[in-house]
Amino acid sequence: MADKFEPKLVGFFCNWCTSSAADLAGTSRMQYPPNIRPIRVMCSGSVDLAYIWRAFLEGADGVIIGGCHPGDCHYVSGNYKARRRIKIFETIMKTLGLDEKRLWLRWISASEGKKFAETMKEFTEHIRELGPSKIGKNWSI
Amino acid sequence: MGERFLLKIKDKDLNKGLKDFLLQVMEKNEISNLIVPLLIPSKNNVFPTFVKNRELLEDAKPIAPVLPVSTATMISKITRLSPSPEKILVFLKPCELRGILELTKFKQITLDNLIFVSYDCMGAYKTDFYEEALSGGKDIDSEYVSKNLMKGEQDDNIRDACKLCENFFSTAFADIGIGFIGTDGGILIEAHTEKGKEVLSKLSLEKTKAKERDERLEKISKDRKEKWEKEKEEIKKEATGIDGLVRYFSKCIDCHNCMGQCPICFCKECFWESPTFEFTPLNFLGWAEKKGAVKLPTDTIFFHLGRLSHMSTSCIACGLCSDACPMDIKVYELFHLVADDTQAAFDYKPGRDLEEEAPLVTFKEDELKELG
């Protein structure tokens, strides 16, 4: 058990695109690693940065946000706002030495089931290479 | 640069001289309300005070080197729900003015009928230090004027945040600025805005150029910036990685005082005070099971990281978070460090320009392509 590291990944996926893409990947019987724990949100713009911190502090090795392609947001501009927030999150991680590479933002539309499966594969491998995150191991946070 | 005038003060006491100037401004412009730092009746501290009765202005201490609270927060309490129906003249420090600018952007302050007067601030003392000096009968204000204000220097007891303040002079947002640095001798009065020009036009003042002023202000700013860049490296060494952060905030008792005093943290329904953080035994059992143990109170690092995410883009580096910390954690230093970077990411400077939108309330379609 101890020899193989299985990354714990949390995904915040927009209801209107990436969550549907996940469905499509599933109904199309596409294979992707089971490491991702998807959380359906109404918009990538509704993901408060506190949720992402919570995921990392509770032991996630990586967090991925999936939203609609720029210009395609169901609520017009939620994904642009999400992108700004992610920039802030990434900047804080970088400044405080918290390994910002563990956070990804990806645009995956409802029809891109294949892209969803591939992205999850890529992200899992990417985090596997980085190894376990230290953030969630500390019990005094 | 606005119009510059010389202010002649008969009295040697600067507080008194400035008070007389403010009274003159009020009289000539028919303003009957003033918010100014005032000695409280117990005579051992100074707070921003809304004054109607001019007799009470005998105890006005405009340049009192103390910052118990931010006047920005206080102005928000007054004008958040509706604009003031009467004109109010407000005398405050440059950092407080930056707070006002940010809070105005977030619709927490209505600017109508407010006229701001700010000055070259050489920093404040910690409130307990100042209170002790006043209790001991020391004329600390006069000492501060001669040792710090007039020389453009800072003594050792000045707050850490003030020692690193790069924006210590009244900015273009102040209707009227009062200068002590590079003034060709005497005190400089500057109208930065149209409102300020109109107010000053009713007074008979002698014009001046104060040619060396901008250069001297820039020099002080630059020196402090260099000092801060050095200090930044030290903090980075100390607070890097999750273990570094845990060490940095090891004394945190989750009191949220830093948030309470922060002029930028204005939310009435704060996430960190919400029922989200009311847990059941099962939550704690789960955490303890997963990690082996859970420190109580929990979520202290989470709180600071979350607050950084929510407010650091508008952090005006006033240092009130550090002052409010009962455990003397250097909250300000870490927040300033992160804020520098989050603000730079959007080329944003809080308190610079009212037209500049806060990073979290706007976006551009064509930006941050590297993220997606």
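**Observations concerning the overall build of chain A**
Looking only at helices and strands, one finds four helices and four strands in chain A. The N-to-C order of helical and strand elements in chain A reads β-α-β-α-β-α-β-α. The dimensions of chain A, computed from C-alpha atoms along their principal axes, are 40 × 35 × 20 Å. Counting over 141 residues, chain A shows a buried share of 52%. Pairs at least 24 apart in sequence give 80% of the contacts found in chain A among residues at least 6 apart.

**Side note on helix H11 (residues 281-291) of chain B**
Burial runs low along H11 of chain B: only zero of the 11 residues are buried. At the exit of H11 of chain B stands Gly292 of chain B, carrying a positive phi of roughly 95°.

**Quick word on the interface of chain B and chain A**
Facing 34 residues of chain B, the contacting portion of chain A comprises 31 residues. Elements supplying a minimum of two residues to the side of chain B that touches chain A: helix H9 (241-248), H11, helix H12 (300-311) and helix H14 (331-344) of chain B. Of the residues belonging to the side of chain B that touches chain A, the class tally is 19 nonpolar, nine polar and six charged.

**Observations regarding the pairing of strand S1 (residues 9-14) of chain A**
Residue and element names in this part refer to chain A. S1 sits mainly inside the fold: six of its six residues count as buried. Here S1 shows no split at all, with Leu9, Gly11 and Phe13 on one side and Val10, Phe12 and Cys14 on the other all buried. Pairing geometry for S1 and strand S2 (residues 36-41), over six bridges, is parallel. Of the residues in S2, the one forming a bridge with Cys14 is Val41.

**Quick notes on the domain arrangement of chain B**
Residues and elements named next belong to chain B. Per the domain assignment, the segments making up chain B are domain 1 (3-226) and domain 2 (239-371). Computed over C-alpha atoms, the centres of domain 1 and domain 2 are 29 Å apart. Here the element with the most residues in the side of domain 1 that touches domain 2 is helix H3 (residues 94-105); it accounts for eight residues.

**Regarding the environment of Tyr332 of chain B**
All names here are of chain B. Inspection of the secondary structure assignment puts Tyr332 in helix H14. The exposure class assigned to Tyr332 is buried, which follows from the 24 C-beta atoms found within 10 Å. For the pair formed by Tyr332 and Phe271, sequence separation is 61 residues and the distance between their alpha carbons is 21 Å. Not counting residues up to four positions away in its chain, the partners in contact with Tyr332 are Asp160, Ala161, Gly319, Cys321 and Ser322.

**Some words on the environment of Phe129 of chain B**
Positionally, Phe129 of chain B belongs in helix H4 (residues 127-135). In this structure, the C-alpha to C-alpha distance between Phe129 of chain B and Lys28 of chain B, residues 101 residues apart in sequence, is 38 Å.

**Here's the deal with the nonpolar core**
Residues and elements named next belong to chain B. Core analysis: the biggest nonpolar cluster contains 137 residues, and Val90 and Phe335 have the highest contact counts within it. Ranked by the residues each element gives to this core, the list is headed by H14, at seven residues. Two domains each donate at least three residues to this core, and these are domain 1 (3-226) and domain 2 (239-371). Look past the residues within four positions of Phe335 in its chain and what remains in contact with it is Leu308, Ser312, Cys315 and Cys321.

**Let's talk about the environment of Cys95 of chain B**
Residue and element names in this part refer to chain B. Among the secondary structure elements, Cys95 is positioned in helix H3. It is 20 Å that separates the C-alpha atoms of Cys95 and Arg213, two residues lying 118 residues apart in sequence. Setting aside residues up to four positions removed in sequence, Cys95 forms contacts with Cys165, Ile316 and Cys318.

**What to know about the packing of helix H1 (residues 18-27) of chain A against helix H4 (residues 113-130) of chain A**
Residue and element names in this part refer to chain A. Where H1 contacts H4, the axes come no closer than 7 Å and their chain directions differ by 90°. Classed by the angle they form, the pair H1 and H4 counts as roughly perpendicular. Counted together, Thr18, Ala21, Ala22, Leu24 and Ala25 of H1 and Gly113, Lys115, Phe116 and Ala117 of H4 form the full contact between these two elements. Partitioned by chemical class, the residues of the contact of H1 with H4 number six nonpolar, two polar and one charged.

**Some details on the sheet that holds strand S3 (residues 62-67) of chain A**
All names here are of chain A. Judged by pairing direction, the sheet is parallel, and its four strands sit side by side in the order S2-S1-S3-S4 without closing on themselves. Whereas interior strands pair on both sides, the edge strands pair on one side only; in this sheet they are S2 and strand S4 (103-107). Looking at each pair of strands side by side, their axes are set apart by 20° on average, direction ignored. Where S3 lies against S4, five bridges are found, and the strand directions are parallel. By the bridge assignment, Gly66 is partnered in S4 with Arg106. Sheet strands touched by H1: S1, S2 and S3. Its angle to S1, the strand with the most contacts, is close to 110°. Against the sheet, helix H3 (residues 78-95) contacts S3 and S4, and its axis sits at roughly 160° relative to S4.

**Details of the sheet that holds strand S3 (residues 46-51) of chain B**
One key point about sheets: their strands pair by backbone hydrogen bonds, in either a parallel or an antiparallel sense. Residues and elements named next belong to chain B. Strand order in this open sheet of eight strands is S3-S2-S4-S5-S6-S7-S1-S8, and the pairing throughout is mixed. Among the strands making up the open sheet, the edge pair consists of S3 and strand S8 (206-207). Looking at chain direction, strand S5 (residues 114-119) and strand S6 (residues 176-179) are connected through three bridges and run parallel. Its bridge partner being in S6, Tyr119 is matched across the sheet by Ile178. Sheet strands in contact with helix H7 (residues 194-201) are strand S1 (3-7), S5, S6 and strand S7 (187-191), and its direction is about 125° off that of S7.

Thresholds, definitions, all that
- Every chain begins its residue count from 1, and numbering advances along the sequence as written.
- For naming, the first written chain is A and the first written ligand is 1, with later ones following in the order written.
- Per-residue local features of the predicted model are confined to residues with pLDDT of at least 70, and side-chain atom pairs are confined, for both listing and counting, to 80 or more; whole-chain, interface and lining totals are unaffected and use all residues.
- Under the DSSP-based scheme used, a helix requires at least four consecutive residues in state H or I and a strand at least two consecutive residues in state E, with every element numbered from the N terminus.
- Burial is judged by counting the other C-beta atoms within 10 Å of a residue's own C-beta: 20 or more makes it buried, 12 or fewer makes it exposed, and any count in between marks it as partly exposed, with every C-beta position built from the backbone.
- Throughout, a residue-residue contact means that the two C-beta atoms, derived from backbone geometry, are no farther apart than 7 Å.
- In this count, Pro and Cys sit with the nonpolar residues alongside Ala, Val, Leu, Ile, Met, Phe, Trp and Tyr, while Asp, Glu, Lys and Arg are called charged and the others, Gly among them, polar.
- Two strands pair if DSSP finds at least two bridges between them.
- Domain start and stop points were drawn from an automatic or database domain assignment.
- Here, a nonpolar core means buried Ala, Val, Leu, Ile, Met, Phe, Trp, Tyr and Cys residues linked by C-beta atoms lying within 7 Å of one another.
- Note on method: axes are straight lines fitted to C-alpha atoms, helices fitted across the in-contact stretch only, with angles between N-to-C directions ranging 0 to 180 degrees.
- An angle below 35 degrees is read as roughly parallel, one above 145 as roughly antiparallel, one from 65 to 115 as roughly perpendicular, and any other as oblique.

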